[in-house]
Amino acid sequence: MAIRGVTMDVGSDGVAVIKFFNPPVNALSPPILAGLKRKFDEAIERDDVKAMVLMGEGGKFCGGFDINVFQNVQRKGNSAAPEVSGGFVVKTIEEAKKPTVAAIDGLALGGGLELAMGCHARVSTPKSQLGLVELTLGIIPGMGGTQRLPRLVGISKSIEMMLLSKTIMSEEGEKLGLIDDVASSNNVLKLSQSWALDIAERRRPWLSSLCRTDRLGPLSEAREVLKIARQQARQNAPNMPQHQACLDAVEEGIVHGGYSGILKEAEVSSVLVSSSTAKALMHVFFSQRAASKVPNVTDIRLKPRHIEKVAIIGGGIMGSGIATALILSGISVVLKEINAEYLKKGMKVVEANLQGLAAKGNITKEKAERAFSILKGVLDYSEFRHVDMVIEAATENVSLKQSIFGEIEKVCTPHCILATNTSTINLNVVGRETGSQDRIIGAHFFSPAHVMPLLEIVRTERTSAQAILDLMTLGKMIKKVPIVVGNCTGFAVNRTFFPYGQGSHLLVNLGVELFRIDKVIRDFGLKIGPFQLQDLAGPGLQKEAGKEYANAFPDRIFSSPLAELMVKNGRYGKSNGKGYYIYEKGSKPKPDYSIQSLIEESRRLSNIMPSGKPITVNDQDIVEMIFFPVVNEACRVMDEGIVVRASDLDIASTLGMNFPSYRGGIVFWADTFGSGYIYTKLKKWSEAYGGFFKPCKFLEERATRGMSLSAPAFRSEVSRSNL
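Residues numbered from 1 in each chain as written. Predicted model: local features only at pLDDT ≥ 70, side-chain atom pairs only at ≥ 80, totals over all residues. Heavy atoms only, no water.

If you look the protein chain up in an unreviewed UniProt entry, it shows as 3-hydroxyacyl-CoA dehydrogenase from Stephania japonica. The UniProt entry for the protein chain carries this comment under Subcellular location (unreviewed entry): "Peroxisome". The record held by UniProt for the protein chain lists under Pathway (unreviewed entry) the comment "Lipid metabolism; fatty acid beta-oxidation." (UniProt positions renumbered as here; feature names shortened; annotations may be inferred.)

In structure tokens, the structure reads:
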């Protein structure tokens, strides 16, 4: 096994092979950068070296810059920046009096691709991933990527790759001019050495990426491309400054030259790395990693069992979506329904899901056909004897679910995992009549299940670590992010966010304009507002979920008359084209202002407006009055130990509820205000508008102590934890 660091071997042909090793992805950490600088300086000075080849050890070139460095800079300032910068290493390579060829294997992402673009040619293995993905972290390429990529692939393609953080394969890279040659893993080093010698001996051109202009095109065309890109960025990423900053750096280089562009890139990079957006997005990045570590599950040397076949009960929107996700990853599925008509509908939905993905180019037609071939529809339990897991996805009805679990316990093997996709019902209630408590688990997908990335894994006090680990492994196999949570009504995600819809209704009944609320929440960063979300969910699901929350948390429920009035008026949301919005095929949803009479009736019935007059609020008030109750419930979820760590709620909120990732998740965002501020606001509103806003004990304690909400639990809190 190679030792972390940088090595150099000089062959008899005069080519120095400089390798760096920093598993798992050969990230560019400060020691690696310093080592690269030393080795290149040595190679440049040695008389027996004619040229250099740069490569990563272990089947990967480089996955990018070490993000821990950015977080250190955010905490400590620029004093924490590496002594040898990545940009300086790239400059050393590019301006050297001897040529370097990058031998790319597996991937060259972020700083890895920037390093490769500083070389004088690039040879890659087939199917290697190439891309500048820094904008997903709130920053821009900071090692010259904003200047060299446009000069290698053209302005339009480079902007697309950077602003969308889009990766391409080496084959496409070769067509674009980013890659000079492609070779197998066994031959990539040999071919790179040959290229390096050919450049040194002038049999191939010696090209500096930063000095090229042949791919930039006329200045007037470049400016038009940039203008359009800026407009699209303002529309698609209005709250993310890194997009405009990236375009600023690109434009500077095109107008004033590559070296001027490098200076602009460095200037804006130093500002962005400490921005609130970068801090939030990097928090999300590390939080997602942390979520895969579950005490007493992933740290006790258990090995996951292989799951090859899964049965799903219920072919509705959720069941068919789960089936789609599984078969796309090669897991055979048995889909059960209560009659032939429902089964046919469920199978058709799965087929439509696959065809939709193929039409968008997300999968090939052949993959769609292959996936559908491993799906089998059934009307009884005979096939359940051969499955490794059952996922119940029937309607949210307690007695129905209890009946199903009683049946599957009898027909499935003793090792089969018995999972439910319930979104609200306590698992102890679901499995009350069974004797298999150790293998009952929640597999809560979010709709549409084949698209949404979150899988909320719900454990009871009796669920075995093996069952949890197996479901976590399955989640990763089907490209989901598993979050393990404790058992309660609504679990972690839906319970935390149940005040979201109720808070929006409370505001309407206090006199705030309904469609204004949706707009404010969209401007805040969610894709749709709370009322349009209710249109999509439909009144049936809301009603059933509402009953569960009312029974579990009667002291903090706001029951709005408006929802019932909408149903009585025949407004079922998107399902029948009429809700708070009007839904017409081929058109975007349009606000239906004719519901104002229903709103007025709801306000009359609820009678909560102070002195009978609408309250006056600004947009920030609306955001806080909707999301601070959500934060309050998140505090209860943390206090009860429903989540392992606060950051799990951040990941769950961004992936499951579309809370904007550039705000870092619900708890991270709350900590930007401080526990004291949130407590004071909630206390004020509770005195004015009732118990819905009443701050919980956990929040009060944190506010009193001046602690952040995400800080590790202190002793009195640990005693209350039950996960």
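Draft legend 1. Seen up close, the overall build of the protein chain. Along its length, the protein chain carries 30 helices and 19 strands. Compactness check: the protein chain gives a C-alpha radius of gyration of 28 Å against a globular reference of 27 Å for 723 residues, within 12% of the reference. Each of the three principal axes of the protein chain carries a C-alpha extent, and together these read 85 × 65 × 55 Å. Counting across all 723 residues of the protein chain, residues that qualify as buried make up 56%. At a minimum sequence separation of 6, the contacts of the protein chain that also span at least 24 residues come to 72%. (Helix = DSSP H or I, 4+ residues; strand = E, 2+ residues; numbered from the N terminus. Rg over C-alpha atoms; globule rule 2.2 N^0.38 Å. Buried < 20%, exposed > 50% of the residue type's maximum accessible area, 1.4 Å probe, protein only. Contact = heavy atoms within 4.5 Å.)

Draft legend 2. Just the UniProt feature "domain: 3-hydroxyacyl-CoA dehydrogenase C-terminal" (unreviewed entry) in the protein chain, in detail. Under the present numbering, the feature "domain: 3-hydroxyacyl-CoA dehydrogenase C-terminal" (unreviewed entry) in UniProt falls on residues 490–583 and 622–703. A helix fraction of 62% and a strand fraction of 2% characterise residues 490–583, whose end C-alpha atoms lie 29 Å from each other. End C-alpha to end C-alpha, residues 622–703 measures 22 Å, and it is 72% helix and 0% strand.

Draft legend 3. Structural context of the sheet that holds strand β13 (residues 389–392). With respect to topology, eight strands assemble into an open sheet ordered β12-β11-β10-β13-β14-β15-β16-β17, the strand pairing being mixed. Looking at which strands have only one partner, the edges of the open sheet turn out to be β12 (375–378) and β17 (481–485). Between one strand axis and the next, the sheet turns through 25° on average, direction left out of account. Sheet topology note: the strand β10 (residues 309–313)/strand β11 (residues 332–336) ladder contains five bridges and is parallel. The partner of I313 across the bridge, within β11, is K336. (Pairing = 2+ DSSP bridges. Axes fitted to C-alpha atoms, helices over the stretch in contact; angles between N-to-C directions.)

Draft legend 4. Just the sheet that holds strand β8 (residues 168–169), in detail. Spatially, the three strands line up as an open sheet ordered β5-β7-β8, and their pairing is mixed. Strands with a single pairing partner mark the edges of an open sheet, and in this sheet they are β5 (107–109) and β8. The pairing of β5 with strand β7 (residues 129–131) spans three bridges and is classified as parallel. Its bridge partner lying in β7, L107 is registered against Q129.

Draft legend 5. Region of interest: the packing of helix α10 (residues 241–256) against helix α11 (residues 258–272). Two elements in contact, α10 and α11, have axes separated by 6 Å at closest approach and are oriented at 160°. With respect to α11, the element α10 is oriented roughly antiparallel. Where α10 crosses over α11, the two elements pack in a sense that is right-handed. In this structure, α10 contributes P241, Q242, A245, D248, A249, E252, G253 and H256 to the contact, and α11 contributes G258, S260, G261, K264, E265, V268 and L272. (Parallel < 35°, antiparallel > 145°, perpendicular 65-115°, else oblique. Left-handed = near helix turned anticlockwise from the far one by under 90°.)

Draft legend 6. Representation of the pairing of strand β16 (residues 454–458) within the structure. A large share of β16 lies buried, amounting to five of its five residues. Covered by surrounding structure in β16 are L454, E456 and V458 together with L455 and I457, the residues of both alternating faces. Pairing between β16 and β17: five bridges, direction parallel. Pairing of E456 across the sheet is with I483, part of β17. The handedness of the β16 to β17 crossover, carried by helix α18 (residues 465–477), is right-handed. (Right-handed = clockwise from strand over helix to strand, strands pointing away.)

Draft legend 7. Here's a closer look at the UniProt feature "domain: 3-hydroxyacyl-CoA dehydrogenase NAD binding" (unreviewed entry) in the protein chain. Under the feature "domain: 3-hydroxyacyl-CoA dehydrogenase NAD binding" (unreviewed entry), the UniProt entry names residues 309–487. Helix makes up 40% of residues 309–487 and strand makes up 21%, while its end C-alpha atoms are separated by 26 Å.

Draft legend 8. Structural detail: the packing of aromatic side chains. Scanning all chains against the criterion turns up 27 aromatic pairs. With a centroid separation of 4.9 Å and 90° between ring planes, the pair formed by Y381 and F384 is classed as edge-to-face. In terms of burial, Y381 and F384 fall into one category: buried. With a centroid separation of 5.2 Å and an interplanar angle of 80°, the aromatic rings of F515 and Y581 are classed as edge-to-face. Placement of F515 in helix α20 (residues 514–524) and of Y581 in strand β18 (residues 581–582) is noted, with a sequence separation of 66 residues between them. Comparing F515 with Y581 shows no difference in burial state: the two are buried. R204 extends its terminal NZ or CZ atom over the ring of W195, reaching a point 3.7 Å from the ring centre. Residue placement shows R663 over the ring face of F524; its charged tip is 4.1 Å from the ring centre. (Phe/Tyr/Trp six-rings, centres within 6.5 Å; stacked < 30°, edge-to-face > 60°. Lys NZ or Arg CZ within 6 Å of the ring centre and 35° of its normal.)

Draft legend 9. Examining the packing of helix α5 (residues 145–153) against helix α6 (residues 155–163) more closely. Remark: α5 packs on α6, axes separated minimally by 7 Å, with the N-to-C direction vectors making an angle of 135°. Taken together, the axis directions place α5 and α6 in an arrangement best described as oblique. At the point where α5 passes α6, the crossing takes the right-handed sense. Residue-level contacts link G145, T146, L149, P150 and V153 of α5 to I155, K157, S158, M161 and M162 of α6. Among the residues making up the contact of α5 with α6, the classes are represented as six nonpolar, three polar and one charged. (Nonpolar A, V, L, I, M, F, W, Y, C, P; charged D, E, K, R; others polar.)

Draft legend 10. How the structure looks around the state of the cysteines. According to the stated counting rule, one finds zero disulfides in the structure shown. As a non-bridged cysteine, C211 has C119 as the owner of its nearest cysteine sulfur, 15 Å distant. (Disulfide = S-S within 2.5 Å.)

Draft legend 11. Broad picture of helix α27 (residues 666–673). Listing the buried residues of α27 in full gives I666, V667, W669 and A670. Take α27 and look down its axis: the buried residues cluster within an arc of 160°, on one side only. The inward-facing, buried residues of α27 contact α19 (493–509), α20, α25 (619–639), α26 (646–656) and α28 (675–689). Downstream of α27 by a residue or two, G674 has a phi angle that is positive, lying close to 100°. (Arc of directions from axis to C-beta.)

Draft legend 12. View of empty space enclosed by the protein. Per the counting criterion, the structure on display carries one cavity of 30 Å³ or more. Computed from the structure, the largest cavity encloses a volume of approximately 40 Å³. As for the largest cavity, its lining consists of F498, P499, R556, P629, N632, E633, R636 and F692. Broken down by secondary-structure element, the contributors of at least two residues to the lining of the largest cavity are α19 and α25. Ranked by the residues each element gives to the lining of the largest cavity, the list is headed by α25, at four residues. Tallied by class, the residues present in the lining of the largest cavity amount to four nonpolar, one polar and three charged. (1 Å grid on protein atoms, 1.4 Å probe; cavity = no way out; pocket = protein on both sides within 12 Å on 5 of 7 lines; lining within 4 Å. Points joined across faces, edges and corners; volume = space filled by probe spheres on them.)

Draft legend 13. Focus on the nonpolar core. Of all hydrophobic cores here, the largest spans 92 residues; its most connected members are F384, I408, F627, I666 and L709. When residues in this core are grouped by element, the largest group, 12 residues, is from α25. Of all hydrophobic cores here, the second largest spans 71 residues; its members include L54, L115, I139 and A278. (Core = buried A, V, L, I, M, F, W, Y, C linked by side-chain atoms within 4.5 Å.)

Draft legend 14. Main features of the pairing of strand β3 (residues 51–56). Summarising burial for β3: six of the six residues are buried, a large majority. Burial along β3 is two-sided: the residues A51, V53 and M55 and M52, L54 and G56 are all buried. Here strand β2 (residues 15–21) runs beside β3; their pairing, made up of six bridges, is parallel. Considered in β3, the bridge of V15 is made with A51. The parallel pair β2 and β3 is bridged by helix α1 (residues 30–45), and the resulting crossover is right-handed. Summarising the sheet, β3 and strand β4 (residues 100–104) pair through four bridges and their orientation is parallel. What sits directly across from M52, in β4, is T100.

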